[in-house]
Number of protein chains: 4
Amino acid sequence: MILTTTLLDFFLETRQHTEDICSPLEIEDYVVQPVVDVSPPKWHLGHSTWFFEEFILKPHAKGYKQFSTDFSFVFNSYYETVGKRVIRADRGNLSRPGVKEVYEYRAYVTQQIKDLFAVNNDSELSKLLEIGIHHEKQHQELLLTDIKYILGNNPLLPKYTDFPEEHAIDDHRAEWISVPEGVYDIGHNSDEFCYDNELGRHKVYLQTYDISNKLVTNAEYIKFIEDKGYKNFELWHAEGWDWVNANQISAPLYWHKIDGQWQHYTLGGLTKIAHESPVTHISYFEAFAFSQWMGLRLPTEFEWEAAQDSFSWGKRWEWTESAYLPYPDYKKAAGALGEYNGKFMVNQKVLRGGSIATPKNHTRPTYRNFFHPNLRWQFTGLRLAR
Amino acid sequence: MILTTTLLDFFLETRQHTEDICSPLEIEDYVVQPVVDVSPPKWHLGHSTWFFEEFILKPHAKGYKQFSTDFSFVFNSYYETVGKRVIRADRGNLSRPGVKEVYEYRAYVTQQIKDLFAVNNDSELSKLLEIGIHHEKQHQELLLTDIKYILGNNPLLPKYTDFPEEHAIDDHRAEWISVPEGVYDIGHNSDEFCYDNELGRHKVYLQTYDISNKLVTNAEYIKFIEDKGYKNFELWHAEGWDWVNANQISAPLYWHKIDGQWQHYTLGGLTKIAHESPVTHISYFEAFAFSQWMGLRLPTEFEWEAAQDSFSWGKRWEWTESAYLPYPDYKKAAGALGEYNGKFMVNQKVLRGGSIATPKNHTRPTYRNFFHPNLRWQFTGLRLAR
Amino acid sequence: MILTTTLLDFFLETRQHTEDICSPLEIEDYVVQPVVDVSPPKWHLGHSTWFFEEFILKPHAKGYKQFSTDFSFVFNSYYETVGKRVIRADRGNLSRPGVKEVYEYRAYVTQQIKDLFAVNNDSELSKLLEIGIHHEKQHQELLLTDIKYILGNNPLLPKYTDFPEEHAIDDHRAEWISVPEGVYDIGHNSDEFCYDNELGRHKVYLQTYDISNKLVTNAEYIKFIEDKGYKNFELWHAEGWDWVNANQISAPLYWHKIDGQWQHYTLGGLTKIAHESPVTHISYFEAFAFSQWMGLRLPTEFEWEAAQDSFSWGKRWEWTESAYLPYPDYKKAAGALGEYNGKFMVNQKVLRGGSIATPKNHTRPTYRNFFHPNLRWQFTGLRLAR
Amino acid sequence: MILTTTLLDFFLETRQHTEDICSPLEIEDYVVQPVVDVSPPKWHLGHSTWFFEEFILKPHAKGYKQFSTDFSFVFNSYYETVGKRVIRADRGNLSRPGVKEVYEYRAYVTQQIKDLFAVNNDSELSKLLEIGIHHEKQHQELLLTDIKYILGNNPLLPKYTDFPEEHAIDDHRAEWISVPEGVYDIGHNSDEFCYDNELGRHKVYLQTYDISNKLVTNAEYIKFIEDKGYKNFELWHAEGWDWVNANQISAPLYWHKIDGQWQHYTLGGLTKIAHESPVTHISYFEAFAFSQWMGLRLPTEFEWEAAQDSFSWGKRWEWTESAYLPYPDYKKAAGALGEYNGKFMVNQKVLRGGSIATPKNHTRPTYRNFFHPNLRWQFTGLRLAR
């Protein structure tokens, strides 16, 4: 457990960092929601604030006065119950509350949390604060990927800001790491923060396997495209094949073939593809099809975790073959926080690692990210196994 | 034909009025598109400007330099062909160009038109300018109704500005106006501006009929609701009945029953319904069902036009029983402007009159407005006939 | 009014003719419903029978014993209220009641009607019987066009039976018939049977017009196709253009280009297109686009009716420019029979004439057929006007 | 490997059994397809025959003459490529080929297989035959559950035939079976036939667990309903909750509450629910929610397989918590048969056991059945674990 003073610093840094991410935006950019998976930046700002208000201030700060009663349903991500006057509105249809008001809301809640923790350093409360901070860090990553989607699907392809991390090259020589058969321990195992879905450290038996020390590169992926990988149904899951055809997918998200040359939209604008960078913005369906084309496969999340000491990771979320399922003895948290993970444990695939959009200290070897197999607006790539 | 100096004033006034309509908005309000029929205010600002650029400046202003080549497809309302970099984006998904840039675009084009007309008072050009002005006036009405939709579907129900016209009461005593059988002349018949769909003045034979001197009021409509008009399939067209059930319609748009009392969202905010105001924000399906419930009917557009001298109108668009069809000898304009009206002449109903959102001088006895029978975000009401 | 003995013969002939239409079918053909507009033949057999049971036998035959209480909701075409055990089933999902049972139902109801009319020749009852007969005749036409759809969309393209009428050629020389301006009487005007939508004979003022003495031929329509009529958005309504693109329409229904030659499925099987036959199986959207391509237009239903003495008709339903609307003083019939016509008077276009599938004596100069503008499984063609 | 003579008997018995399943049907029942997951019985008869023709007779029977070239695309379950004349037709829209012709097709192919195996007892061919037999057995189960769906969704709720197995009661006293922690061997391990998805016997580490010796009963499930299990979102996956609400699910499939009493449609007709029978026709979502309500969980497929010696099973497919994924070293079969299993390994859940509809000898302890989590027209139930 982190000391309260440190924790409060961590809180303030996190709050600040969220706003830093938004600093290059125009007000208009805060509002739109081009597809259902992408939320308006304004909503992320409000929702991460609402979380502290709802779970800490309202139950624990004596005499706490809500910033606005309307906000509780505007910024609740899972609002089953809707207020009388809400007419089925998607997040991207809401021009109000405005950006300025949302920043005021942030400032108000941040101050109230400071005031509360000045007088209360109760460990249960600290635990909640820690969850809220990690929750906000998760939204920092979504904020960045949602901004990329908003700008990258605008016909003007506006630049967000320089973001050289997108062009990093992994210059290791590709090698197989061999892992011997045996029983391995899987799951979180320290006093550091983790989510409930990582807990229940347990034994898993792994057969002998090899895992690559490198992510698949753009150059390799272009060969797959050129070999008509997107046209060969034998490489795809039946649902993947339907997805390719229904959406006319023929390259990773953000890729454009212009005058015979592959370019892609990056946070820094439209640019040529760097052949030696890891491929990214692919769905699980594409990762799987690529592995089939190679005559190889994706690792399971357990294989990944057991070997992760032996390779570098953290630049791209890595699709695994594992479905997102509860660990043995998985216990969901009590109350509303119990909705955090467990209810999503069906029809999703686990991703391991972390990405260039992941805030510092917000991933770890046991971290289990998860998305539906067709999604690709996150920085998602793949590592091969056999 | 209006003199060029007067026409230019008319142009400048119109340009200014569009911006005045937007003056109470926050930047965020300019961006959203809650349903497909509603466009973002930003888009109206840009599109009405693009119209002048595309049809006057580009073909007629020597050496004209486009403000931005990207704008031609962002602000083209019927863009069949899309530029290379456009990824199927709805208008409400576009955060860029920003509001400031759109206003710069407006100022630039307004100035260019001034410059052009300073040196050219050619009558063909004046005609195009006149069309552009009327086009912008049509968008002024849409702008206001779209703003109402954007704010009125926001759970915070924010006020736009005081707008007392919404609460006006028609205190005439209801009376039937009798019109004798005979041949009547229908269609535009003067030198004043009109659209192509009003032209081809022609004779229509009308049977004897009565038409009300008043619009149906909220009080009358509430009786229809209380008599379970929305539950009685006999009053409805088959498609109207499907619409009622699929959308769970039980009152006009913007109406909310709060603590047993009918209130409605107006541009001035949520307020009690004035019983003696004309009912508005109803679809043709509702207007028809109401007339059936009364044992009466809607007038045709010809009955309306032949009698319009005898009653006051212009506060609410009035649904008629007429389908939107070409007049005999209808000729659509040549070129792109020919797409203005003719291609919509199927599956729509004619509305006559005008509304409190219609700009001054932008309607007339022969004006033919048209919408699909399910739409109700315009200020639409009804007048009975028998 | 027809004498009862003659009427009963008319009834029996009609009942027999319905079954004759079905005689070439296999049992399996009676069951399927490939699209929502097409009903299974079994359903037509049952529904036309249910009509007599529901509106004549149940209210008027003393002590009448229903054939089966379940059938009332299986064969009711507009069943708003559904029995307890019905689970949202489309007509084509019902394997039971079986074909044999449906024929038993027909025989039972036919006999009961004979028995009833043997003792009761009341004129109100005769009127109901007459409506029932005409209702069944309408379903005879649908039966035939639905059978064509079922077999013509089966990959085996099975033959129904020889049906030479599909290949008839109109060898008149094309000529314009000129009709002078003036007031014309429109609507039904005799003691013979007609539907409520034809009543209310009234005056209509027509401007001078010309109407063709011939339907448009396949040869002419092929020129439209070859001139890229389906690719030129200027010829189409906006909704027509959407329909063409969403459904990838490039020729009339049932047309197949095989080895460079146009063939079409007919009730007699796949065969070459006869160039001099009238084009058929086109939607209103296509009829309109063709007329635009010719620089001409479709006649209104009033123009058609006023001129129909001067040309031959009855081989193809002819799309008109008129929307399906009530005549002045239209009164819908009381009770359930009032649902027959009025509730469809929105978003549909009028067709005049009759087709090779229309039973003898089941059309007349004032008959108003109507369909949505996108439908084309009926035998629908067009005649030009100017 | 089974001897050829025995194998041929097995083949003939299987072919006969398929037809026996259909013997209570009316011809009309063979044709319909009420939902996309359910195929018409006629199609199962044809498809299981086509499989032998396509994979055995065409490549291996010298001079083999196809019964009909059209059938290859009518009865191909995964037809990516469609013949020229096929117009996007769903299986339930095809009235032809008729039932009689399909039986002739069966007889023809059965005879040809007999003839072929009379002269060729090649082991590779025997292997293909064995796969074809097992393929047909799988379709026997689908045939029965599809028939149940067809008849059970017909408003007449017709009886198929007496089928007492549906009412069987499990009168064991409920007990927990404890399984100690350790490494277990999972996967097929004999010379008997199995599918590729069962192969790759491998070690799995299981933590200590308890598994029930009994399936959950109707009585227990009714308590869940009465305790408002379908109204409590905390028990459901987010996607399950959406499914419940979108489809208004409030009980297992085929259940009807009539006069306050639970009844259900069975193959023998509508009948009262036997409280002590295992609950069936529930989705994975429901099985999971029920387990949550009990404070327990579903077993994984590995837990099930490791313990299956200790309880009786085979009367209901049992949902497990496991996603359908490849075993380590999974190798899909070469050629078209490789499409059999692997391409479905995403977004589906594993079911273990077998059901009263499963043909004799067609399941085994390592058999992995799989369906999407929302489906429930199979005989699906659940067993609890902790």
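Model, not experiment: these values are computed from the prediction.

## Focus on the overall build of chain A
Of regular secondary structure, chain A possesses 9 helices and 12 strands. For 386 residues, the compact-globule formula gives about 21 Å, and the C-alpha radius of gyration of chain A, at 22 Å, lands near that figure. By principal-axis analysis of the C-alpha atoms, chain A measures approximately 65 × 50 × 35 Å. For chain A, restricting intrachain contacts to residue pairs at least 6 apart in sequence, the fraction spanning at least 24 positions comes to 77%. Accessible surface, chain A: about 15,800 Å² in total, of which carbon and sulfur atoms supply 50%. Each charge class in chain A was averaged separately, 40 positive and 52 negative side chains, and the resulting centres sit 3 Å apart.

## Topic: the packing of helix α6 (residues 218-226) of chain A against helix α8 (residues 284-293) of chain A
All names here are of chain A. Across the interface, α6 lies against α8 with an axial gap of 11 Å and an inter-helix angle of 80°. Judged by the inter-axis angle, α6 sits roughly perpendicular to α8. Residues E220, Y221, K223 and F224 of α6 lie in contact with α8, whose contacting residues are E286, A289, F290 and W293. When grouped by side-chain class, the residues that make up the contact of α6 with α8 number 5 nonpolar, no polar and 3 charged.

## Focus: the nonpolar core
As a rule of thumb, nonpolar side chains are buried together in soluble globular proteins. C:I113, C:L129, C:W236, D:I113, D:L129 and D:W236 are the most contacted members of the largest nonpolar core, which totals 188 residues. Excluding its chain neighbours within four sequence positions, the residues that come into contact with C:L129 are C:L7, C:L8, C:F11, C:F52, C:I56, C:I113 and C:F117. One finds A:L25, A:W262, A:A289 and A:F290 within the second-largest nonpolar core, a separate group that totals 187 residues.

## Topic: the interface of chain A and chain B
A common way to express how large an interface is: the accessible area buried when the components associate. Chain A puts 36 residues into the contact, and the matching count from chain B is 37 residues. Of the roughly 3,300 Å² buried where chain A meets chain B, counting both sides, 60% is carbon and sulfur surface. Our count for the chain A to chain B interface comes out at 2 salt bridges. Between A:D29 and B:R96 there is a salt bridge whose closest N-O contact spans 2.6 Å. Between the two partners, chain A and chain B, sit 8 residue pairs in polar contact (both at pLDDT 80 or more). Where the side of chain A that touches chain B is concerned, the elements lending two or more residues are α3 (71-74), α4 (99-119) and α5 (123-152) of chain A. Top element by residues in the side of chain A that touches chain B is α5(A). It accounts for 3 residues.

## Some words on the sheet that holds strand β12 (residues 383-385) of chain C
Residue and element names in this part refer to chain C. Taken in spatial order, the 3 strands make up an open sheet running β1-β4-β12, and their pairing is antiparallel. Each edge of the sheet is formed by a strand with only one pairing partner; in this case those strands are β1 (176-179) and β12. Between one strand axis and the next, the sheet turns through 25° on average, direction left out of account. Across 4 bridges, the pairing between β1 and strand β4 (residues 209-215) is antiparallel. Of the residues in β4, the one forming a bridge with V179 is Y209.

## Side note on the relation of the copies chain A and chain B
Mapping chain A onto chain B calls for a rotation angle of 180° and an axial translation of 0.0 Å; the resulting RMSD is 0.1 Å. Here the transformation between the copies is reduced to the relation of a two-fold axis. Relative to the rotation axis, the C-alpha of A:E28 is the closest in chain A, positioned 2.9 Å from it. When you check the interface residues of chain A against chain B, 100% turn up at the interface there too, and the contact is symmetric in its surfaces.

## Describing α4(A)
The α-helix advances 3.6 residues per turn, and as a result positions three or four apart in sequence lie on the same side. All names here are of chain A. If you check α4, its first and last C-alpha atoms are 31 Å apart, about what 21 residues at 1.5 Å a residue would give, namely 30 Å. When α4 is considered as a whole, its buried residues turn out to be V99, V102, Y105, R106, V109, T110, I113, L116 and F117. For α4, the arc enclosing every buried residue in end-on projection is 130°, short of the 170-degree limit, so these residues lie on one face. Pointing more than 90 degrees away from the buried face of α4 are the exposed residues K100, A118 and V119.

## Comments concerning the packing of aromatic side chains
Counted by the stated rule, this structure contains 148 aromatic pairs over all chains. When the centroid spacing of 5.7 Å and the interplanar angle of 35° are considered together, the rings of D:W317 and D:Y367 count as tilted. With D:W317 in strand β8 (residues 317-323) and D:Y367 in the loop between β9 (349-352) and β10 (369-371), the pair connects residues that are 50 residues apart, well separated along the chain. For the residue pair D:W317 and D:Y367, the accessibility class agrees, reading buried in each case. Through pairs of rings, three or more aromatic residues link up here, namely A:Y221, A:F224, A:Y230, A:W236, A:W255, A:W262, A:F290 and A:W293. Lying across the ring of A:W43, A:R91 places its NZ or CZ 3.6 Å from the centre.

## Observations concerning the environment of A:D37
Residue and element names in this part refer to chain A. Summarising the element assignment, D37 is placed in the loop between α1 (4-22) and α2 (41-60). Expressed as a C-alpha distance, the spacing of D37 and L142, which sit 105 residues apart in the sequence, is 9.9 Å. Not counting the four nearest positions on each side in its chain, D37 is found in contact with D146, L375 and W377.

## Topic: the sheet that holds strand β6 (residues 261-266) of chain C
Pairing between sheet strands relies on hydrogen bonds along the backbone, with the strands arranged either parallel or antiparallel. All names here are of chain C. Ordered in space as β5-β6-β7, the 3 strands form an open sheet in which the pairing is antiparallel. Single-partner strands in this sheet number two, and they are β5 (255-258) and β7 (269-272). The average angle at which neighbouring strand axes cross in this sheet is 35°, direction not considered. Note that β5 and β6 share 4 bridges and pair antiparallel. Opposite K257, over in β6, you have W262 as the bridge partner.

## Here we look at the interface of chain B and chain C
With 34 residues of chain B in contact, the opposing surface of chain C contributes 34 residues. If you look at where chain B meets chain C, you find 10 residue pairs in polar contact (both at pLDDT 80 or more). Contributions of two or more residues to the side of chain B that touches chain C are made by β3 (202-206), α7 (238-246), α8 (284-293) and β8 (317-323) of chain B. In terms of residue count, β3(B) provides more of the side of chain B that touches chain C than any other element does, 4 residues in total.

## Concerning the domain arrangement of chain A
All names here are of chain A. When its domains are assigned, chain A resolves into domain 1 (4-152) and domain 2 (165-381). Taken over C-alpha atoms, the centre of domain 1 sits 28 Å from the centre of domain 2. Summing both sides of the interface, domain 1 and domain 2 together bury roughly 2,400 Å²; the carbon and sulfur share of this comes to 66%. On inspection of domain 1 and its partner domain 2, the count reaches 1 salt bridge. The closest approach of N and O atoms between E166 and K148, which form a salt bridge, is 2.7 Å. Applying the counting criterion to the domain 1 and domain 2 interface returns 12 residue pairs in polar contact (both at pLDDT 80 or more). Looking at the side of domain 1 that touches domain 2, the elements with two or more residues in it are α2 and α5.

## Some remarks on the relation of the copies chain B and chain C
Take chain B, turn it by 180°, move it 0.0 Å along the axis, and it overlays chain C with an RMSD of 0.0 Å. Looking at chain B, 100% of its interface residues are interface residues in chain C too, so the copies touch through the same face.

## Details of the environment of C:H202
Residue position: C:H202 is located in strand β3 (residues 202-206). Relative accessible area serves as the criterion here: at 6%, C:H202 is assigned to the buried category. A C-alpha to C-alpha distance of 8.0 Å links C:H202 and C:Y327, two positions 125 residues apart in sequence. Once residues within four sequence positions are removed from consideration, C:H202 is found in contact with B:Q207, C:Y184, C:D185, C:I186, C:F302, C:Y327 and C:P328. Engagement of the side chain of C:H202 in a polar contact is seen with the backbone oxygen of C:G200, the distance being 2.8 Å.

## With respect to the confidence of the model for chain A
All names here are of chain A. Per-residue pLDDT for chain A has a mean of 92; in total, 95% of the residues score no lower than 70. Low confidence marks residues 79-88, where pLDDT is under 50. Its contacts with residues over four positions away, or in another chain, come to 13 contacts. Both scores are available for the predicted complex, with the pTM at 0.94 and the ipTM at 0.95.

## Re helix α8 (residues 284-293) of chain C
All names here are of chain C. Burial runs high along α8: 8 of the 10 residues are buried. Of all the residues in α8, the buried ones are Y284, F285, E286, A287, F288, A289, F290 and S291. The elements touched by buried residues of α8 are α6 (218-226), α7 (238-246), β8 (317-323), β9 (349-353) and β12. A positive phi of about 70° marks G295, the residue just after α8.

## A closer look at the pattern of salt bridges
For the coordinates displayed, the defined rule picks out 76 salt bridges over all chains. Here B:E303 and B:R297 are joined by a salt bridge, their closest N and O atoms 3.0 Å apart. Note on B:E303: relative accessible area 7%, which makes it buried. As a salt-bridge pair, D:R376 and D:E286 come within 2.9 Å of each other at their nearest N and O atoms. Here D:R376, found in the loop between β10 and β11 (380-381), pairs with D:E286, found in helix α8 (residues 284-293); they are 90 residues apart in sequence, far enough to count as distant. Note on accessibility: D:R376 and D:E286 belong to one class, buried. Within the structure, one salt-bridge network assembled from shared partners comprises A:R15, A:E19, A:R106 and A:E136.

About the criteria used
Residues numbered from 1 in each chain as written. Chains lettered and ligands numbered in written order. Predicted model: local features only at pLDDT ≥ 70, side-chain atom pairs only at ≥ 80, totals over all residues. Heavy atoms only, no water. Helix = DSSP H or I, 4+ residues; strand = E, 2+ residues; numbered from the N terminus. Rg over C-alpha atoms; globule rule 2.2 N^0.38 Å. Contact = heavy atoms within 4.5 Å. Areas by Shrake-Rupley, 256 points an atom, 1.4 Å probe, with all protein chains shown as cover. Lys, Arg positive; Asp, Glu negative; His and termini not counted. Charge placed at Lys NZ, Arg CZ, Asp CG, Glu CD. Axes fitted to C-alpha atoms, helices over the stretch in contact; angles between N-to-C directions. Parallel < 35°, antiparallel > 145°, perpendicular 65-115°, else oblique. Nonpolar A, V, L, I, M, F, W, Y, C, P; charged D, E, K, R; others polar. Core = buried A, V, L, I, M, F, W, Y, C linked by side-chain atoms within 4.5 Å. Buried < 20%, exposed > 50% of the residue type's maximum accessible area, 1.4 Å probe, protein only. Buried area = accessible area lost by both parts, 1.4 Å probe. Salt bridge = Lys/Arg side-chain N within 4 Å of Asp/Glu carboxyl O. Polar contact = N/O pair within 3.5 Å; in protein donor to acceptor, adjacent residues only side chain to side chain. Pairing = 2+ DSSP bridges. Least-squares fit on C-alpha atoms with pLDDT ≥ 70 in both. Expected span 1.5 Å × (residues − 1). Arc of directions from axis to C-beta. Phe/Tyr/Trp six-rings, centres within 6.5 Å; stacked < 30°, edge-to-face > 60°. Lys NZ or Arg CZ within 6 Å of the ring centre and 35° of its normal. Domains from an automatic or database assignment. pLDDT = per-residue confidence, 0-100.

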